[in-house]
Every structure is written in structure tokens, then in C-alpha cells.
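Here are the chains, one letter per residue:
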Amino acid sequence: MALAKTPSPSIPTAERLARFTYAIRNIVAEAQRVEATGKRVRYLNIGDPVAFGFATPPHLVEAVERAMRDGHNGYGPSVGLAGAREAVAAEYSTRGFPVIPDRVCMTAGTSEGIELALTAMVDVDGEVLVPMPTYPLYTAVLAKLGARAHHYRTDPAREWMPDLDHLRSLITPATRAMVVIDPNNPTGALYSTATRRALIEIAEQHGLAILADEVYGDLGFHGPIAPLGSLQPDAPIISFSSLSKGYLAPGWRTGWMAIGRSPRLDAVVAAVKKLADGRLCSTVPMQYAVVAALTGDRSHLVRFRHALAERAAVTLECLRAMPGVTCVAPSAAFYAMPQIALPPGRTDEDYVLALLRETGVLCVYGSGFGLPPADGFLRIVFLASPAELRGIYDLMATFTAKYLSDV
Ligand SMILES: Cc1ncc(COP(=O)(O)O)c(C=O)c1O
């Protein structure tokens, strides 16, 4: 039988993709176009310390190498290796959040843990409270699930603390969980103990699980931050973290989720295990490095925190010296979220793209994290060396002065 000659239309993609956006990586396409014109691009968009010269601790690399040489290259248990789960459970328990190994699941980074937990708990049209601004993974995963993110404001006038009244007003019978990112990306905020307690209380009152994204928990400028679960170990809290940030190995895609002891989470534990079976296992040799990371030398963390505090200070000094720019002081991680007093009619994306095209400096616009485009926020990753940062902020200052005066 002859084949029809009519050209076939392109294969359709799923409608749910329309709501799946990831500004942090999307903007790179424009940066590559700028680079192709011969301009040097300074990538301040991705929070990868390795890209800025911070080295993975050698004993972690050795642990992975040894595991591979010893032949640990097959599939592992879907929830993770016993040794890694024990190390994670011991780490949380020592920090005041008692967790047993059976309620730990090793994952492909914090990202997969979040996806497993949301998939386990949220149906189509289910709702999840997500901060605004938010790390975009949450909105992206919820879009994939056909569920909805309800964004609670965090307030730059109060050091980016969550607006608890706004958060309460968003709770409906369809709300399943509350995401708490503390220390926070993109704002660099650390929540006060009173705020953390209030968030737990609200979740308890409304029967919500808390997804505590604690991937920056080791990176408070003044030391590690206690897990949220340490304030109320019986609350339905699930904590997520990984080797990506504090342990300087984001490319290994290795992390974990730790589910608190509340019996209200028993069904979630079972559901996560079922889903974990479906993707076989997470990276096996790297799980040996989790043991090395959590039971071995952590002196690199002291140096890393010091380096971050120094870069945060340079960032704040330079940004605050720019007319028309304000910035809340970050307290942890490697992000700052300045605000540009944009002329009417301009958006944060307009500013970020113009900055990129003119100077080669690449940041992410605040609307990529859910903020209103006219508010003029952008996120800066300040992992470059202090001298390099000063050079970058000089470029930004000259550009911004011109941008704001060209109205
Ligand atoms: C708040 C937050 N959660 C999760 C992730 C993803 O981390 P991982 O590499 O562990 O998947 C990031 C990465 O930047 C992040 O900033």
C-alpha cells in the first residue's frame, strides 16, 4: 500500500509543559547567543560552587573511586544503601531531628526527593503552598503533576520572612503540603525560630505535611542551621538535602529525604518506597561518599562558609552603592536578591536581558522565581572571587546608572 504523501504534522507535546518553566536554565540560550557575538559572559545564574573553583573534598572523591574499583557498580536497593541511610539518619538525629534509617530514602539530589514526595502526596488539582519567590523546581514539578502551587509571599521589608497571614489565607481543603525553603534560595534568608515555629503550628492546625528544603542547611554564614524538624520532631516534616551544595558535588546528583517519625507520615513513607522502586535506585558509588561526607572530616565547610560570608559582604557593599538598587542582606547560601527601581513599563526580564547584552553579566530575573515582573528583582549568585565580583558589580553599576537615566 502506498504511503500517504501529505507531510505529517509535528508530533504534539503534552499540554502540561506549557506551565513547566525553568528560568535559571532557560536564560542560558540567550547568554549563548551573546557569547557567539564574541562577548565574554559571566554566568551568575547557576548555584554551582564547583563552576567557581570550589573543589569537592578529596575524601569524597576517593570514596566514590574506591566504590567503583571495588565493583559497586550494579543497581542498589531502591531506597538506598543501608550505610548511607544510617549515616543520614544519624546526622539528623544528632542535629535534634530524630529519624530512623527506615524512613530515609536516597535520591538523585534534593530535586528527585522533592519530586518523589510531591508525587506521593499530591493528586491532580491538589494544592501545595510554595514560597514567593520560590526555587522554580516546585512549580515545575507541580505543573507536571497537574497540581497547583499557591504562592505565599515572603517579605523583603522583613528580611524575606514568610507573610504568615497571607499563607493562612491560601489554605483550602485541597491543600496538601507546605514547602519551606530555609535557608532560602533565591533570597539568602534564614528564618527566625519564631517564624519556623509558626510555620509548624499552621501546618499542624491544618493537617499539612511540611516539605523542608534544607539543602543549604550547612551554609549559614555563622554555622550550620538546625533542621526544622528539631523544633517539633512529632510534626509531619520531611527534610530534603544532598551533596550538591555543602559537600560541593552537584554533578553527582546524590541526595536524600528524611521522613519524620509522625505516624501521620506512615502512608507517605510507603508511597515513597513504592515510587522509589519504580526508578530502581539512585547513584550507587556516590552513596559511599554520603557516608564519607557525614561521618568524616568537614573542615572544608568552615572555609566555605567563610568564603561565602566574605562574598556576601562585597555583594552587599557594591549593590547598596548603586543608586536605584536596594538589597536585603543574605544570611546563608550564595544568593542575593537585589531590587532595581525600574522605570514604569519595564520588567525585570527587560533589565536582565539588557544587562546581559550590554555587559555579558548573566543573572536571573525575579519573575523566574514567581515575583511580579514590574517589581524589578533579580537573583545574583555570588560564588565568583571577591575581586571578580567587584569587577562584575562595576559593570553592573555603570549599566544600571545609564539604564535608569535613559527613560
Ligand atoms: C532550594 C533548592 N532546592 C533544591 C535544589 C536542587 O538541589 P539538588 O542538586 O540537590 O537536586 C536547589 C539547587 O539549586 C535549590 O536551590
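Things to note about the sheet that holds strand β7 (residues 209-213)
Here comes step 1: One open sheet holds the eight strands; their spatial order is β2-β9-β8-β7-β6-β3-β4-β5, and the pairing between them is mixed. Among the strands making up the open sheet, the edge pair consists of β2 (104-107) and β5 (161-162).
Here comes step 2: Across five bridges, strand β8 (residues 237-242) lies against strand β9 (residues 255-259) in antiparallel orientation. Paired with Ser239 across the two strands is Ala258, which belongs to β9.

Points about empty space enclosed by the protein
Here comes step 1: Enumeration according to the criterion identifies two cavities of 30 Å³ or more in this entry.
Here comes step 2: As a volume, the largest cavity reaches approximately 210 Å³.
Here comes step 3: In terms of lining, the largest cavity is formed by 20 residues, of which the most central are Arg95, Glu214, Gly217, Asp218 and Ser241.
Here comes step 4: Among the secondary structure elements, those contributing two or more residues to the lining of the largest cavity are α4 (82-94) and β8.
Here comes step 5: At three residues, the largest contribution of residues to the lining of the largest cavity is made by β8.
Here comes step 6: Grouping the constituent residues of the lining of the largest cavity by class yields nine nonpolar, five polar and six charged.
Here comes step 7: Val79, Asp102, Arg103, Val104, Cys105, Ile259, Val269, Val272 and Lys273 are the residues that line the second largest cavity.
Here comes step 8: Elements with a contribution of two residues or more to the lining of the second largest cavity: β2 and α9 (266-278).
Here comes step 9: Top contributing element to the lining of the second largest cavity by residue count: α9, with three residues.
Here comes step 10: Considered class by class, the residues forming the lining of the second largest cavity number six nonpolar, no polar and three charged.

Description of the site of the ligand
Here comes step 1: Lining the immediate environment of the ligand, one finds 14 residues, of which Ser111, Asn185, Asp213, Tyr216 and Ser244 sit closest.
Here comes step 2: Here Lys245 contributes a side-chain N or O atom positioned 2.8 Å from an oxygen atom of the ligand.
Here comes step 3: In the complex, 94% of the free accessible area of the ligand, which totals 400 Å², lies under the protein chains.
Here comes step 4: Examining the composition of the shell around the ligand, we find that three residues originate from one element, helix α5 (residues 109-121), more than from any other.

Concerning the side chain of Arg379
Here comes step 1: With respect to the helices, strands and loops of the structure, Arg379 is situated in strand β15 (residues 378-381).
Here comes step 2: Among buried charged residues, Arg379 stands out as having no salt bridge; its nearest opposite-charge side chain is Asp213, 11 Å away.
Here comes step 3: A polar contact is formed between the side chain of Arg379 and the backbone oxygen of Asn45, at a distance of 2.5 Å.

A look at the sheet that holds β15
Here comes step 1: With antiparallel pairing, the three strands of this open sheet are ordered in space as β11-β15-β14. The open sheet has two free edges, formed respectively by β11 (335-336) and β14 (364-365), since each of these has just one partner strand.
Here comes step 2: Pairing of β14 with β15 involves two bridges; the strand directions are antiparallel. Looking at β15, one finds that Tyr365 is bridged to Leu378.

Let's talk about the pairing of strand β4 (residues 148-155)
Here comes step 1: As judged from the six bridges shared by strand β3 (residues 127-132) and β4, these two strands associate in the parallel manner. For Val130, the partnering residue across the bridge sits in β4 and is His151.
Here comes step 2: What joins β3 to β4 is helix α6 (residues 137-145), and the crossover it makes is right-handed.
Here comes step 3: By the bridge criterion, two bridges tie β4 to β5 in an arrangement that is antiparallel. Each bridged residue has a counterpart across the sheet, and for Asp155 the counterpart in β5 is Met161.
Here comes step 4: Linking β4 to β5, which pair antiparallel, is a turn of five residues; within it Glu159 sits at a positive phi near 50°.

Thoughts on α5
Think of an α-helix as turning once every 3.6 residues; residues three or four places apart then point the same way.
Here comes step 1: In this model α5 runs 19 Å from its N-terminal to its C-terminal C-alpha over 13 residues, within 8% of the 18 Å that 1.5 Å per residue would give.
Here comes step 2: By the burial criterion, the buried members of α5 are Gly109, Thr110, Glu112, Gly113, Ile114, Leu116, Ala117, Leu118 and Met121.

Regarding the nonpolar core
Here comes step 1: Leu243, Trp256, Phe334, Tyr351, Tyr393 and Met396 are the most contacted members of the largest nonpolar core, which totals 104 residues.
Here comes step 2: In terms of residue count, the dominant contributor to this core is helix α11 (residues 299-320) (nine residues).
Here comes step 3: Beyond its immediate stretch of four places on either side in the chain, Tyr393 contacts Val314, Thr315, Cys318, Met322, Ile380 and Phe382.
Here comes step 4: By size, the runner-up hydrophobic cluster in this structure holds 30 residues, among which are Ala117, Val130, Ala177 and Phe240.

Conventions we followed
- Residues numbered from 1 in each chain as written.
- Predicted model: local features only at pLDDT ≥ 70, side-chain atom pairs only at ≥ 80, totals over all residues.
- Heavy atoms only, no water.
- Pairing = 2+ DSSP bridges.
- Helix = DSSP H or I, 4+ residues; strand = E, 2+ residues; numbered from the N terminus.
- 1 Å grid on protein atoms, 1.4 Å probe; cavity = no way out; pocket = protein on both sides within 12 Å on 5 of 7 lines; lining within 4 Å.
- Points joined across faces, edges and corners; volume = space filled by probe spheres on them.
- Nonpolar A, V, L, I, M, F, W, Y, C, P; charged D, E, K, R; others polar.
- Near = heavy atom within 4 Å.
- Polar contact = N/O pair within 3.5 Å; in protein donor to acceptor, adjacent residues only side chain to side chain.
- Areas by Shrake-Rupley, 256 points an atom, 1.4 Å probe, with all protein chains shown as cover.
- Buried < 20%, exposed > 50% of the residue type's maximum accessible area, 1.4 Å probe, protein only.
- Lys, Arg positive; Asp, Glu negative; His and termini not counted.
- Salt bridge = Lys/Arg side-chain N within 4 Å of Asp/Glu carboxyl O.
- Right-handed = clockwise from strand over helix to strand, strands pointing away.
- Expected span 1.5 Å × (residues − 1).
- Core = buried A, V, L, I, M, F, W, Y, C linked by side-chain atoms within 4.5 Å.
- Contact = heavy atoms within 4.5 Å.

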